[in-house]
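# Working through the structure, step by step
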Amino acid sequence: MNERKIVALADDQLVTLTVGREILSGSYEVYTVPSGRKLIELLGTVRPDMILLDIEMPELDGYETIKILKANPETADIPVIFLTARNDEVSELEGLSLGAIDYIYKPFSPPLLLKRIEVHLLIERQKRELKRYNDNLEELVKDKTRTIVELQNAVMATVSELIEYRGDVTDGHIERTQRFLEILIKGMIANGLYSGETGGWDVGQVVQAAQLHDVGKIAINERILQKPEKLTEEEFEQIKKHTLFGETVIESIQKKTAESEFLSYAKVLSLYHHERWNGEGYPYGLKGEDIPLLARLMSIVDVYDALISERPYKQPYTHEEAVDIIKEGSGVQFEPALVDLFLSVKDELSAAYSPAR
(Lines give C-alpha, C1' and ligand atoms only; values in the text may rest on other atoms or scores of the structure.)
Protein backbone atom coordinates (compact mmCIF):
# COMPACT_ATOMS: atom_id res chain seq x y z
CA MET A 1 0.00 0.00 0.00
CA ASN A 2 1.37 3.45 -0.93
CA GLU A 3 2.02 5.78 1.98
CA ARG A 4 0.10 9.03 2.01
CA LYS A 5 2.11 12.06 0.94
CA ILE A 6 2.88 14.65 3.61
CA VAL A 7 1.90 18.29 3.17
CA ALA A 8 3.05 20.99 5.59
CA LEU A 9 0.99 24.20 5.80
CA ALA A 10 2.51 27.30 7.42
CA ASP A 11 0.22 30.30 7.97
CA ASP A 12 -0.33 32.68 10.85
CA GLN A 13 -4.09 32.76 10.33
CA LEU A 14 -6.00 30.09 12.23
CA VAL A 15 -8.83 30.05 9.69
CA THR A 16 -6.42 29.24 6.86
CA LEU A 17 -4.83 26.42 8.86
CA THR A 18 -8.25 25.00 9.76
CA VAL A 19 -9.68 25.23 6.24
CA GLY A 20 -6.45 23.95 4.69
CA ARG A 21 -6.39 20.90 6.97
CA GLU A 22 -10.05 20.19 6.21
CA ILE A 23 -9.45 20.35 2.44
CA LEU A 24 -6.23 18.35 2.40
CA SER A 25 -6.68 15.72 5.11
CA GLY A 26 -8.81 13.49 2.88
CA SER A 27 -5.88 13.02 0.50
CA TYR A 28 -2.71 13.78 2.48
CA GLU A 29 -1.13 13.61 5.92
CA VAL A 30 -1.24 17.26 6.96
CA TYR A 31 0.94 19.19 9.41
CA THR A 32 -0.06 22.77 10.21
CA VAL A 33 2.17 25.36 11.86
CA PRO A 34 1.47 29.03 12.66
CA SER A 35 4.79 30.58 11.59
CA GLY A 36 7.93 30.25 9.53
CA ARG A 37 9.93 29.53 12.68
CA LYS A 38 7.65 26.66 13.62
CA LEU A 39 7.96 25.28 10.10
CA ILE A 40 11.76 25.23 10.38
CA GLU A 41 11.41 23.40 13.72
CA LEU A 42 8.95 20.91 12.21
CA LEU A 43 11.39 20.06 9.43
CA GLY A 44 13.80 18.81 12.07
CA THR A 45 11.56 15.80 12.62
CA VAL A 46 9.21 15.65 9.60
CA ARG A 47 10.12 15.54 5.91
CA PRO A 48 7.07 16.80 3.95
CA ASP A 49 6.59 16.10 0.25
CA MET A 50 5.15 19.59 -0.26
CA ILE A 51 5.12 22.87 1.69
CA LEU A 52 2.33 25.44 1.44
CA LEU A 53 3.83 28.68 2.72
CA ASP A 54 2.09 31.95 3.53
CA ILE A 55 4.03 35.10 2.59
CA GLU A 56 2.83 37.62 5.15
CA MET A 57 3.76 36.27 8.58
CA PRO A 58 5.25 38.10 11.56
CA GLU A 59 8.88 37.68 12.64
CA LEU A 60 9.85 35.44 9.69
CA ASP A 61 7.85 35.98 6.51
CA GLY A 62 7.47 33.53 3.65
CA TYR A 63 10.29 35.02 1.58
CA GLU A 64 12.80 34.74 4.44
CA THR A 65 11.57 31.25 5.26
CA ILE A 66 12.08 29.93 1.74
CA LYS A 67 15.58 31.43 1.68
CA ILE A 68 16.42 29.36 4.77
CA LEU A 69 14.90 26.25 3.22
CA LYS A 70 16.77 26.62 -0.07
CA ALA A 71 20.08 27.30 1.72
CA ASN A 72 19.86 24.00 3.62
CA PRO A 73 20.74 20.90 1.53
CA GLU A 74 18.38 18.85 3.72
CA THR A 75 15.35 20.96 2.75
CA ALA A 76 16.37 22.63 -0.52
CA ASP A 77 14.56 20.10 -2.70
CA ILE A 78 11.21 20.25 -0.90
CA PRO A 79 8.77 21.93 -3.34
CA VAL A 80 7.19 25.12 -1.99
CA ILE A 81 3.91 26.71 -3.09
CA PHE A 82 3.24 30.21 -1.81
CA LEU A 83 -0.17 31.07 -0.41
CA THR A 84 -0.95 34.76 -0.56
CA ALA A 85 -3.66 37.38 -0.61
CA ARG A 86 -1.36 39.64 -2.64
CA ASN A 87 -2.46 40.11 -6.21
CA ASP A 88 0.47 41.72 -7.98
CA GLU A 89 3.01 40.58 -10.51
CA VAL A 90 6.07 41.81 -8.61
CA SER A 91 5.30 39.70 -5.53
CA GLU A 92 4.64 36.62 -7.64
CA LEU A 93 7.84 36.97 -9.64
CA GLU A 94 9.85 37.53 -6.45
CA GLY A 95 8.47 34.32 -4.97
CA LEU A 96 9.20 32.32 -8.11
CA SER A 97 12.73 33.73 -8.27
CA LEU A 98 13.35 32.54 -4.70
CA GLY A 99 12.50 28.99 -5.70
CA ALA A 100 8.75 28.59 -5.23
CA ILE A 101 7.13 26.38 -7.85
CA ASP A 102 3.72 28.06 -7.86
CA TYR A 103 1.41 30.65 -6.34
CA ILE A 104 -2.09 30.08 -4.97
CA TYR A 105 -4.24 33.04 -4.04
CA LYS A 106 -6.33 33.19 -0.87
CA PRO A 107 -9.10 32.46 -0.35
CA PHE A 108 -8.34 29.35 -2.37
CA SER A 109 -10.71 27.07 -4.24
CA PRO A 110 -10.62 23.52 -2.75
CA PRO A 111 -10.67 21.73 -6.15
CA LEU A 112 -7.99 24.03 -7.54
CA LEU A 113 -5.79 23.64 -4.45
CA LEU A 114 -6.01 19.85 -4.60
CA LYS A 115 -5.39 19.76 -8.35
CA ARG A 116 -2.35 22.03 -8.17
CA ILE A 117 -0.81 19.94 -5.38
CA GLU A 118 -1.56 16.72 -7.26
CA VAL A 119 0.07 17.99 -10.46
CA HIS A 120 3.15 19.33 -8.70
CA LEU A 121 3.65 16.11 -6.71
CA LEU A 122 3.44 14.20 -9.98
CA ILE A 123 6.06 16.48 -11.52
CA GLU A 124 8.34 16.00 -8.51
CA ARG A 125 8.01 12.23 -8.72
CA GLN A 126 8.84 12.29 -12.41
CA LYS A 127 11.82 14.57 -11.78
CA ARG A 128 13.17 12.12 -9.21
CA GLU A 129 12.73 9.24 -11.63
CA LEU A 130 14.46 11.22 -14.37
CA LYS A 131 17.40 12.03 -12.08
CA ARG A 132 17.70 8.37 -11.16
CA TYR A 133 17.93 7.48 -14.82
CA ASN A 134 20.43 10.25 -15.54
CA ASP A 135 22.71 9.12 -12.68
CA ASN A 136 23.10 5.79 -14.45
CA LEU A 137 22.88 7.09 -18.01
CA GLU A 138 26.31 5.90 -19.12
CA GLU A 139 25.46 2.25 -18.38
CA LEU A 140 21.83 2.43 -19.42
CA VAL A 141 22.08 4.55 -22.57
CA LYS A 142 21.51 1.73 -25.05
CA ASP A 143 18.65 0.05 -23.20
CA LYS A 144 17.03 3.04 -21.54
CA THR A 145 17.11 5.83 -24.13
CA ARG A 146 13.53 5.22 -25.15
CA THR A 147 12.38 5.24 -21.53
CA ILE A 148 14.19 8.51 -20.82
CA VAL A 149 12.63 10.18 -23.83
CA GLU A 150 9.20 8.96 -22.81
CA LEU A 151 9.79 10.26 -19.29
CA GLN A 152 10.93 13.66 -20.61
CA ASN A 153 7.79 13.83 -22.69
CA ALA A 154 5.68 12.85 -19.68
CA VAL A 155 7.21 15.66 -17.62
CA MET A 156 6.61 18.14 -20.43
CA ALA A 157 3.04 16.92 -20.84
CA THR A 158 2.44 17.35 -17.11
CA VAL A 159 3.85 20.88 -17.18
CA SER A 160 1.63 21.60 -20.17
CA GLU A 161 -1.38 20.25 -18.30
CA LEU A 162 -0.62 22.59 -15.42
CA ILE A 163 -0.39 25.56 -17.78
CA GLU A 164 -3.73 24.68 -19.36
CA TYR A 165 -5.35 24.11 -15.98
CA ARG A 166 -4.34 27.59 -14.78
CA GLY A 167 -6.12 29.32 -17.67
CA ASP A 168 -9.21 29.05 -19.80
CA VAL A 169 -7.63 26.54 -22.20
CA THR A 170 -8.34 23.12 -20.72
CA ASP A 171 -9.45 21.19 -23.80
CA GLY A 172 -6.25 19.82 -25.30
CA HIS A 173 -5.05 22.98 -27.06
CA ILE A 174 -1.39 22.11 -26.60
CA GLU A 175 -1.72 18.55 -27.88
CA ARG A 176 -3.67 19.69 -30.95
CA THR A 177 -1.27 22.49 -31.83
CA GLN A 178 1.50 19.90 -31.75
CA ARG A 179 -0.37 17.77 -34.28
CA PHE A 180 -1.17 20.77 -36.48
CA LEU A 181 2.44 22.00 -36.38
CA GLU A 182 3.73 18.58 -37.39
CA ILE A 183 1.35 18.51 -40.36
CA LEU A 184 2.51 21.96 -41.53
CA ILE A 185 6.19 21.10 -41.15
CA LYS A 186 5.84 17.82 -43.04
CA GLY A 187 3.90 19.63 -45.77
CA MET A 188 6.61 22.27 -45.97
CA ILE A 189 9.34 19.63 -46.28
CA ALA A 190 7.36 17.71 -48.92
CA ASN A 191 7.01 20.88 -50.99
CA GLY A 192 10.64 21.93 -50.56
CA LEU A 193 9.60 25.17 -48.90
CA TYR A 194 12.45 26.70 -46.88
CA SER A 195 14.45 23.51 -47.41
CA GLY A 196 17.63 25.30 -46.35
CA GLU A 197 16.21 25.77 -42.85
CA THR A 198 14.09 22.66 -42.41
CA GLY A 199 16.97 20.38 -43.39
CA GLY A 200 18.60 21.10 -40.05
CA TRP A 201 15.49 20.57 -37.94
CA ASP A 202 14.81 17.58 -35.75
CA VAL A 203 11.07 17.53 -36.40
CA GLY A 204 10.31 15.24 -33.48
CA GLN A 205 12.09 17.60 -31.08
CA VAL A 206 10.33 20.63 -32.62
CA VAL A 207 6.92 19.03 -32.11
CA GLN A 208 7.72 18.11 -28.51
CA ALA A 209 9.06 21.63 -27.85
CA ALA A 210 5.74 23.09 -29.02
CA GLN A 211 4.28 21.89 -25.71
CA LEU A 212 6.09 24.80 -24.06
CA HIS A 213 4.95 27.59 -26.36
CA ASP A 214 2.71 28.99 -23.60
CA VAL A 215 4.91 28.06 -20.63
CA GLY A 216 5.21 31.75 -19.71
CA LYS A 217 1.55 31.79 -18.70
CA ILE A 218 2.62 30.10 -15.47
CA ALA A 219 3.74 33.57 -14.34
CA ILE A 220 0.49 35.32 -15.32
CA ASN A 221 -2.18 35.98 -12.72
CA GLU A 222 -4.71 33.17 -13.08
CA ARG A 223 -7.58 35.60 -12.49
CA ILE A 224 -6.65 37.22 -15.79
CA LEU A 225 -6.16 33.87 -17.53
CA GLN A 226 -9.57 32.64 -16.39
CA LYS A 227 -11.51 35.85 -16.98
CA PRO A 228 -14.56 35.07 -19.19
CA GLU A 229 -15.12 38.69 -20.23
CA LYS A 230 -13.04 40.81 -22.58
CA LEU A 231 -9.74 41.82 -21.02
CA THR A 232 -9.04 45.43 -20.16
CA GLU A 233 -6.11 47.11 -21.90
CA GLU A 234 -4.03 46.74 -18.74
CA GLU A 235 -4.91 43.04 -18.43
CA PHE A 236 -4.02 42.43 -22.07
CA GLU A 237 -0.64 44.08 -21.50
CA GLN A 238 -0.08 41.56 -18.68
CA ILE A 239 -1.08 38.64 -20.92
CA LYS A 240 1.38 39.81 -23.58
CA LYS A 241 4.22 39.39 -21.11
CA HIS A 242 3.81 35.60 -21.14
CA THR A 243 6.12 35.46 -24.16
CA LEU A 244 8.92 37.14 -22.21
CA PHE A 245 8.23 35.05 -19.12
CA GLY A 246 8.46 31.95 -21.31
CA GLU A 247 11.90 33.02 -22.50
CA THR A 248 12.98 33.52 -18.88
CA VAL A 249 11.72 30.09 -17.79
CA ILE A 250 13.44 28.28 -20.65
CA GLU A 251 16.71 30.21 -20.25
CA SER A 252 16.68 29.27 -16.57
CA ILE A 253 16.49 25.60 -17.56
CA GLN A 254 19.22 26.06 -20.19
CA LYS A 255 21.62 27.41 -17.56
CA LYS A 256 21.26 24.21 -15.56
CA THR A 257 21.51 21.68 -18.42
CA ALA A 258 23.71 20.76 -21.34
CA GLU A 259 23.06 22.42 -24.69
CA SER A 260 19.73 21.19 -26.01
CA GLU A 261 18.04 21.51 -29.40
CA PHE A 262 14.75 20.85 -27.65
CA LEU A 263 15.13 23.91 -25.41
CA SER A 264 16.38 26.07 -28.28
CA TYR A 265 13.24 25.24 -30.27
CA ALA A 266 11.06 25.80 -27.20
CA LYS A 267 12.57 29.24 -26.60
CA VAL A 268 11.88 30.39 -30.16
CA LEU A 269 8.32 29.07 -30.10
CA SER A 270 7.56 30.59 -26.72
CA LEU A 271 9.07 34.03 -27.33
CA TYR A 272 7.98 34.80 -30.89
CA HIS A 273 4.69 33.01 -31.60
CA HIS A 274 2.65 36.21 -31.23
CA GLU A 275 4.71 38.29 -33.66
CA ARG A 276 2.82 39.30 -36.82
CA TRP A 277 4.00 39.35 -40.43
CA ASN A 278 3.15 43.08 -40.70
CA GLY A 279 5.19 43.97 -37.62
CA GLU A 280 2.25 44.69 -35.33
CA GLY A 281 2.67 41.70 -33.02
CA TYR A 282 4.47 41.30 -29.71
CA PRO A 283 6.73 41.29 -27.75
CA TYR A 284 9.19 42.95 -30.17
CA GLY A 285 7.11 43.99 -33.19
CA LEU A 286 9.28 41.94 -35.56
CA LYS A 287 8.29 42.04 -39.22
CA GLY A 288 8.41 39.57 -42.10
CA GLU A 289 11.31 37.15 -42.18
CA ASP A 290 12.85 38.78 -39.11
CA ILE A 291 10.39 36.52 -37.26
CA PRO A 292 11.90 33.02 -36.91
CA LEU A 293 10.33 30.52 -39.30
CA LEU A 294 9.27 28.17 -36.51
CA ALA A 295 7.38 30.99 -34.81
CA ARG A 296 5.67 31.98 -38.07
CA LEU A 297 4.38 28.41 -38.35
CA MET A 298 3.37 28.28 -34.68
CA SER A 299 1.41 31.51 -35.07
CA ILE A 300 -0.83 29.95 -37.71
CA VAL A 301 -1.58 26.72 -35.83
CA ASP A 302 -2.08 28.58 -32.55
CA VAL A 303 -4.67 30.91 -34.09
CA TYR A 304 -6.34 28.11 -36.07
CA ASP A 305 -6.86 26.02 -32.94
CA ALA A 306 -8.10 29.03 -30.97
CA LEU A 307 -10.67 29.72 -33.69
CA ILE A 308 -12.11 26.19 -33.90
CA SER A 309 -12.15 25.65 -30.12
CA GLU A 310 -14.76 26.74 -27.60
CA ARG A 311 -13.73 29.32 -25.03
CA PRO A 312 -15.62 30.90 -22.11
CA TYR A 313 -15.94 34.08 -24.15
CA LYS A 314 -16.87 32.56 -27.55
CA GLN A 315 -18.36 29.63 -29.43
CA PRO A 316 -16.11 27.67 -31.80
CA TYR A 317 -15.87 28.64 -35.45
CA THR A 318 -16.32 25.93 -38.04
CA HIS A 319 -13.24 24.64 -39.84
CA GLU A 320 -14.35 26.49 -42.98
CA GLU A 321 -14.82 29.77 -41.11
CA ALA A 322 -11.42 29.41 -39.46
CA VAL A 323 -9.78 28.75 -42.84
CA ASP A 324 -11.36 31.92 -44.24
CA ILE A 325 -10.05 33.96 -41.29
CA ILE A 326 -6.54 32.58 -41.76
CA LYS A 327 -6.76 33.47 -45.47
CA GLU A 328 -7.81 37.02 -44.59
CA GLY A 329 -4.74 37.25 -42.35
CA SER A 330 -2.36 36.50 -45.22
CA GLY A 331 0.16 39.30 -45.53
CA VAL A 332 -1.14 40.90 -42.33
CA GLN A 333 -0.80 38.48 -39.44
CA PHE A 334 0.66 35.56 -41.36
CA GLU A 335 3.27 34.99 -44.04
CA PRO A 336 1.52 34.52 -47.43
CA ALA A 337 3.66 31.51 -48.42
CA LEU A 338 2.81 29.76 -45.16
CA VAL A 339 -0.89 30.56 -45.56
CA ASP A 340 -0.72 28.88 -48.98
CA LEU A 341 0.91 25.89 -47.26
CA PHE A 342 -1.87 25.92 -44.64
CA LEU A 343 -4.51 25.89 -47.37
CA SER A 344 -2.81 22.95 -49.08
CA VAL A 345 -3.10 20.81 -45.92
CA LYS A 346 -6.36 22.22 -44.51
CA ASP A 347 -8.25 18.96 -45.01
CA GLU A 348 -5.55 17.06 -43.15
CA LEU A 349 -5.75 19.61 -40.32
CA SER A 350 -9.51 19.20 -40.12
CA ALA A 351 -9.18 15.42 -39.95
CA ALA A 352 -6.59 15.73 -37.17
CA TYR A 353 -8.88 17.87 -34.98
CA SER A 354 -10.39 15.96 -32.08
CA PRO A 355 -11.86 17.92 -29.15
CA ALA A 356 -11.04 16.69 -25.67
CA ARG A 357 -13.45 14.08 -24.44
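In what follows, the accompanying structure is described. From a predicted model like this one, the values you see are computed outputs, not experimental measurements. (Residues numbered from 1 in each chain as written. Predicted model: local features only at pLDDT ≥ 70, side-chain atom pairs only at ≥ 80, totals over all residues. Heavy atoms only, no water.)

Now for the packing of helix α7 (residues 173–190) against helix α16 (residues 336–344). In a packed pair of helices, the relevant descriptors are the angle between the two axes and the axis-to-axis distance. Taken N-terminus to C-terminus, the directions of α7 and α16 make an angle of 105 degrees; their axes are 10 Å apart at the nearest point. Compared by their axis directions, α7 and α16 come out roughly perpendicular. Mapping the contact onto sequence places L184, G187 and M188 in α7 and L338, L341 and F342 in α16. Broken down by class, the residue content of the contact of α7 with α16 amounts to five nonpolar, one polar and no charged. (Axes fitted to C-alpha atoms, helices over the stretch in contact; angles between N-to-C directions. Helix = DSSP H or I, 4+ residues; strand = E, 2+ residues; numbered from the N terminus. Parallel < 35°, antiparallel > 145°, perpendicular 65-115°, else oblique. Contact = heavy atoms within 4.5 Å. Nonpolar A, V, L, I, M, F, W, Y, C, P; charged D, E, K, R; others polar.)

Attention now goes to the sheet that holds strand β4 (residues 80–84). Across the sheet, which stays open at both edges, the five strands sit in the order β2-β1-β3-β4-β5 with parallel pairing between neighbours. Here the strands that pair on one side only, and so sit at the sheet edges, are β2 (29–33) and β5 (102–105). Averaged over all pairs of adjacent strands, the angle between strand axes in this sheet comes to 20 degrees, irrespective of strand direction. Pairing geometry for strand β1 (residues 6–10) and strand β3 (residues 50–54), over four bridges, is parallel. Its bridge partner lying in β3, V7 is registered against M50. (Pairing = 2+ DSSP bridges.)

A few words now on helix α1 (residues 14–24). Turning to α1, its buried residues number three or more, namely T16, L17, G20, I23 and L24. The arc that holds every buried residue of α1, seen down its axis, measures 135 degrees, which confines them to one face. Facing away from the buried surface of α1 by more than 90 degrees, the exposed residues are L14, V15 and E22. Next to the buried residues of α1 lie β1, β2, β3 and α5 (110–135). (Buried < 20%, exposed > 50% of the residue type's maximum accessible area, 1.4 Å probe, protein only. Arc of directions from axis to C-beta.)

A separate point is a positive patch on the surface. A grouping of K5, R47, R128 and R132 is seen on the molecular surface, where their side chains present a positively charged patch. Inspection of the secondary structure assignment puts R47 in the loop between α2 (36–42) and β3. (Patch = residues over 30% accessible without salt bridge, like charges linked within 9 Å, V, L, I, M, F, W, Y side chains within 5 Å. Areas by Shrake-Rupley, 256 points an atom, 1.4 Å probe, with all protein chains shown as cover. Salt bridge = Lys/Arg side-chain N within 4 Å of Asp/Glu carboxyl O. Lys, Arg positive; Asp, Glu negative; His and termini not counted. Charge placed at Lys NZ, Arg CZ, Asp CG, Glu CD.)

So yeah, pure geometry; function would need other evidence.
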